[in-house]
Amino acid sequence: MGSVNLARKWIREAAVVTALTGAGISAESGIPTFRGPGGLWKQFRPEDLATPEAFARDPKLVWEWYDWRRTLIAAAEPNAGHAALVQLERARPSFTLITQNVDGLHERAGTRNVVKLHGDLWTLRCTVCHRERRDERTPLPELPPRCECGAPMRPGVVWFGETLPPDAWERAEAATRAANVFLVVGTSAVVYPAAGLIPLAKSSGARVIECNMEETPFSAQVDRAFRGAAGELLPQLVAS
Ligand code: OAD
């Protein structure tokens, strides 16, 4: 049996399927990834834009960058990779999608059970009263946007040096431990704790399947590593 056929069989027969996605799944929608060719961290320094210190230093600069990304993403559409994961959720009795992405494309495609490890670009959080608000306007009329209480708001994402939302992390760990098949899609798997879910899935007994354009630190340890674009690989893997 060919590699794709075997992986497809594992997926079809799994009671519990969990997927972990990263920026690579949105690349075919025209959204830049962080690392690799054309990656955001080739052009910008994370310590200038994606840390609490950067925001304290220059909130307007940080917001301009997030506003630019929001505008780019608002104009993008989910791709065949996102759609294949929607199909998978509908076909499997238990499915959890853990994502490091903040773009909201999985939800826009139609996936329901999404765990957002790094937050959401479309949520704003008050820096003082911590109230949250969903705001999809692009561009935002005022930078930084203001809370009803008058204080500046920040993007509702996780920055370097911050801890992940505890409820999201608990759900991610539980879905990883329970998985019969764990799909890893479009992540360089170098940012922790998210990347730690891959060895956790393996040690919990899941068959781990990787889909990525390039090799990752876990490629040699997974059960199957497919090289290619998520938008081409995933539809083949979830086809019934
Ligand atoms: P990266 O940019 O680090 O990695 C993207 C991965 O996707 C790479 O391994 C690429 O080879 C792969 N890739 C690119 N195009 C692809 C395609 N069409 N199909 C399949 N794979 C493709 O993105 P993440 O791993 O998501 O965190 O990065 C993790 C975290 O680092 C992000 O959530 C963000 C970033 O800094 C924070 O901002 C806290």
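Every value quoted in this text rests on a predicted model; they were computed, and no experiment measured them.

Of all residues adjacent to the ligand, which total 23 residues, the nearest are Phe34, Arg35, Thr187, Ser188 and Asn212. Within the side chain of Glu28, one N or O atom sits 2.9 Å away from a nitrogen atom of the ligand. Thr187 places a side-chain nitrogen or oxygen 2.6 Å from an oxygen atom of the ligand. Each of domain 1 (1-30 + 78-118 + 164-240) and domain 2 (32-75 + 120-157) contributes no fewer than three residues to the shell around the ligand.

So, about the pattern of salt bridges. According to the stated counting rule, one finds 18 salt bridges in the structure shown. One salt bridge in this structure joins Glu107 and Lys116, with 2.8 Å as the shortest N-O distance. Of the residues examined, Lys116 reaches a relative accessible area of 26% and is grouped as partly exposed. One network of salt bridges, with partners in common, ties together Glu107, Lys116, Asp120, Arg134 and Glu136.

Let us look at the domain arrangement of the protein. Annotation of the protein at the domain level lists domain 1 (1-30 + 78-118 + 164-240) and domain 2 (32-75 + 120-157). Each of domain 1 and domain 2 was reduced to a C-alpha centroid, and the two centroids are 26 Å apart. Each side of the interface is counted separately: domain 1 has 14 residues, and domain 2 has twelve residues. Between domain 1 and domain 2, roughly 940 Å² of surface is buried when both sides are summed, and carbon and sulfur atoms account for 59% of that area. Our count for the domain 1 to domain 2 interface comes out at one salt bridge. Two residues, Lys116 and Asp120, come together in a salt bridge whose shortest N-O distance is 3.0 Å. Here domain 1 and domain 2 share four residue pairs in polar contact (both at pLDDT 80 or more) between them. Residues of the side of domain 1 that touches domain 2, tallied by class, amount to five nonpolar, five polar and four charged.

Looking at the secondary structure, you find Leu40 in helix H3 (residues 40-43). Sequence-distant contacts of Leu40, that is, excluding residues within four places in its chain, are made with Pro32, Thr33, Phe34, Trp65, Trp68 and Arg69.

Generally speaking, nonpolar side chains in soluble globular proteins are found buried as a group. By size, the foremost hydrophobic cluster in this structure holds 25 residues, and its most contacted members are Val62, Trp63, Trp65, Tyr66, Leu121, Val157 and Trp159. Within the residue set of this core, elements represented by two or more residues are H3, helix H5 (52-57), helix H6 (59-74), strand S4 (119-126) and strand S6 (153-157). For this core, the element with the most residues is H6, which contributes five residues. Setting aside chain neighbours within four positions, we find Trp63 in contact with Phe55, Arg70, Leu124, Leu140, Leu143, Pro144, Pro145, Met153, Arg154 and Pro155.

Calculation notes
- Residues numbered from 1 in each chain as written.
- Predicted model: local features only at pLDDT ≥ 70, side-chain atom pairs only at ≥ 80, totals over all residues.
- Heavy atoms only, no water.
- Near = heavy atom within 4 Å.
- Polar contact = N/O pair within 3.5 Å; in protein donor to acceptor, adjacent residues only side chain to side chain.
- Domains from an automatic or database assignment.
- Salt bridge = Lys/Arg side-chain N within 4 Å of Asp/Glu carboxyl O.
- Buried < 20%, exposed > 50% of the residue type's maximum accessible area, 1.4 Å probe, protein only.
- Contact = heavy atoms within 4.5 Å.
- Buried area = accessible area lost by both parts, 1.4 Å probe.
- Nonpolar A, V, L, I, M, F, W, Y, C, P; charged D, E, K, R; others polar.
- Helix = DSSP H or I, 4+ residues; strand = E, 2+ residues; numbered from the N terminus.
- Core = buried A, V, L, I, M, F, W, Y, C linked by side-chain atoms within 4.5 Å.

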